[in-house]
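# Analysis of the macromolecular model
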Amino acid sequence: MPDFENLSYRKSGAIATLTIDRPKALNALNQATLAEIQRAMQDAASDPSVHGVIVTGAGGKAFVAGADITEIASASPQEAQAFTRHGQAVFDLVETLGKPVIAAVNGYALGGGCELAMACTLRIAAENASFGQPEVKLGVMPGFGGTQRLPRLVGKGPAMQIILTAENIDAREAHRIGLVNEVVEPARLMTRAEEILLRIIANAPLAVRLAMEAVNHGLDAGQAQGLALESVSFALCAGTEDKREGTTAFLERRPPRFSGR
Ligand code: CAA
């Protein structure tokens, strides 16, 4: 895979780490960076040696400070629509990767940065992280999924407050309202994200993938359809070698060795 200009993408063992690295704009997402995230995520999805991904920002000050405001400033309505559709597609890819993706949020996660974190499976925040959807201050509105994922994560009232006031919240408040899963000291951020990811990927990969799909699809459907999907996915699990291995290992009182089949 050729090198990237605005991010680094490294694999170590079963984990790929994608670090957005555009220091001149606090890692803001221009079109080129979005395209690079898409390419890295496509690689992570298709490489069988990658079982999970960590997304973070370079530099310690920002995870991602939003979509690139210089590009938004000059965009026509048609260009702005294409930009948001592209961002939405990339973040949909992150959400439906089929493998767990953990956001390790190390600073500002604003606008498109908060939206990227929300597309990830889980969010771990450093104590110095802050979150917000400041778009209405700029005369625009969230465009990479914020109006949809934020109310699904934290409920309509808190989402409306964050989007309409355009005020940032700190990591503790983000944790209190359920926007992030855990808050840790900055020095422990990557270790903790890795710990959680290793815990997830030690489980049966197909079962993990189907469980993520059931949660995601269920949130977009009624409970009855969600339950029907859950039942079919459970049945699919029942036909896997990993189900035989997982149940046998339990009964034989030994750790399972999952093959992903
Ligand atoms: N786009 C482009 N450039 C950005 C940027 C962004 N989102 N955020 C920061 N930068 C640039 C700044 O312009 C500055 O560049 P120069 O050094 O060339 O002047 C550099 O990054 C450093 O930023 P600051 O000097 O502003 O740093 P600070 O510490 O004073 O403030 C900050 C940090 C509070 C994050 C501030 O930079 C800020 O408010 N950034 C914008 C946040 C924002 O509004 N994000 C939403 C974007 S719109 C969006 O995301 C739409 C969508 O949903 C699709």
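The rules behind the values
Residues numbered from 1 in each chain as written. Predicted model: local features only at pLDDT ≥ 70, side-chain atom pairs only at ≥ 80, totals over all residues. Heavy atoms only, no water. Helix = DSSP H or I, 4+ residues; strand = E, 2+ residues; numbered from the N terminus. Rg over C-alpha atoms; globule rule 2.2 N^0.38 Å. Buried < 20%, exposed > 50% of the residue type's maximum accessible area, 1.4 Å probe, protein only. Contact = heavy atoms within 4.5 Å. Lys, Arg positive; Asp, Glu negative; His and termini not counted. Charge placed at Lys NZ, Arg CZ, Asp CG, Glu CD. Pairing = 2+ DSSP bridges. Axes fitted to C-alpha atoms, helices over the stretch in contact; angles between N-to-C directions. Domains from an automatic or database assignment. Buried area = accessible area lost by both parts, 1.4 Å probe. Salt bridge = Lys/Arg side-chain N within 4 Å of Asp/Glu carboxyl O. Polar contact = N/O pair within 3.5 Å; in protein donor to acceptor, adjacent residues only side chain to side chain. Nonpolar A, V, L, I, M, F, W, Y, C, P; charged D, E, K, R; others polar.

### Comments concerning the overall build of the protein
Along the protein, the regular secondary structure elements total 11 helices and 10 strands. The C-alpha atoms of the protein give 19 Å as radius of gyration, which agrees with the globular expectation for 261 residues (18 Å, within 12%). The principal-axis extent of the C-alpha atoms belonging to the protein is close to 60 × 40 × 35 Å. Within the span of the protein, comprising 261 residues, buried residues form 43% of the whole. For the protein, the share of sequence-separated contacts (at least 6 apart) that also reach a separation of at least 24 residues comes to 68%. Measuring between centres, the 25 positive side-chain charges of the protein sit 5 Å from its 28 negative side-chain charges.

### Looking at the sheet that holds strand 10 (residues 182–184)
On the basis of which strands lie adjacent, the open sheet formed by six strands has the order 1-2-3-5-7-10 and mixed pairing. Where the open sheet ends on each side, the last strands, each with one partner, are strand 1 (7–12) and strand 10. Averaged over neighbouring strand pairs, the angle between their axes works out to 20° when direction is ignored. Judged from the three bridges that link them, strand 7 (residues 122–126) and strand 10 form a sheet pairing that is parallel.

### Observations regarding the domain arrangement of the protein
Taken as a whole, the protein is organised into domain 1 (7–201) and domain 2 (205–251). For domain 1 and domain 2, the distance between their C-alpha centres works out to 27 Å. Domain 1 puts seven residues into the contact, and the matching count from domain 2 is six residues. Taken over both partners, the interface formed by domain 1 and domain 2 buries close to 560 Å², and the fraction arising from carbon and sulfur atoms is 61%. When the buried surface of domain 1 facing domain 2 is broken down by residue, E95, G98 and R152 rank first, second and third, together holding 60% of it. Counting every contact that joins domain 1 to domain 2 gives one salt bridge. In this structure, R152 and D220 form a salt bridge, with 3.0 Å as the shortest nitrogen-oxygen distance. Our enumeration of links across domain 1 and domain 2 arrives at two residue pairs in polar contact (both at pLDDT 80 or more). Classifying every residue of the side of domain 1 that touches domain 2 gives two nonpolar, two polar and three charged.

### A few points about the pattern of salt bridges
Per the stated rule, a full pass over the model turns up 15 salt bridges. When the shortest N-O distance is used, the salt bridge between R149 and E95 registers 2.9 Å. Of this pair, R149 sits in helix 5 (residues 146–154) while E95 sits in helix 3 (residues 77–95), and the two are 54 residues apart along the sequence. Using a relative accessible area of 27% as the deciding quantity, one classes E95 as partly exposed. A salt bridge links R188 to E195; the nearest nitrogen and oxygen atoms lie 3.5 Å apart. The class of R188 is partly exposed, set by a relative accessible area of 37%. On the accessibility criterion, E195 (36% relative accessible area) is partly exposed. Look at the salt bridges and you will find they share partners, linking E182, R188, R192 and E195 into a network.

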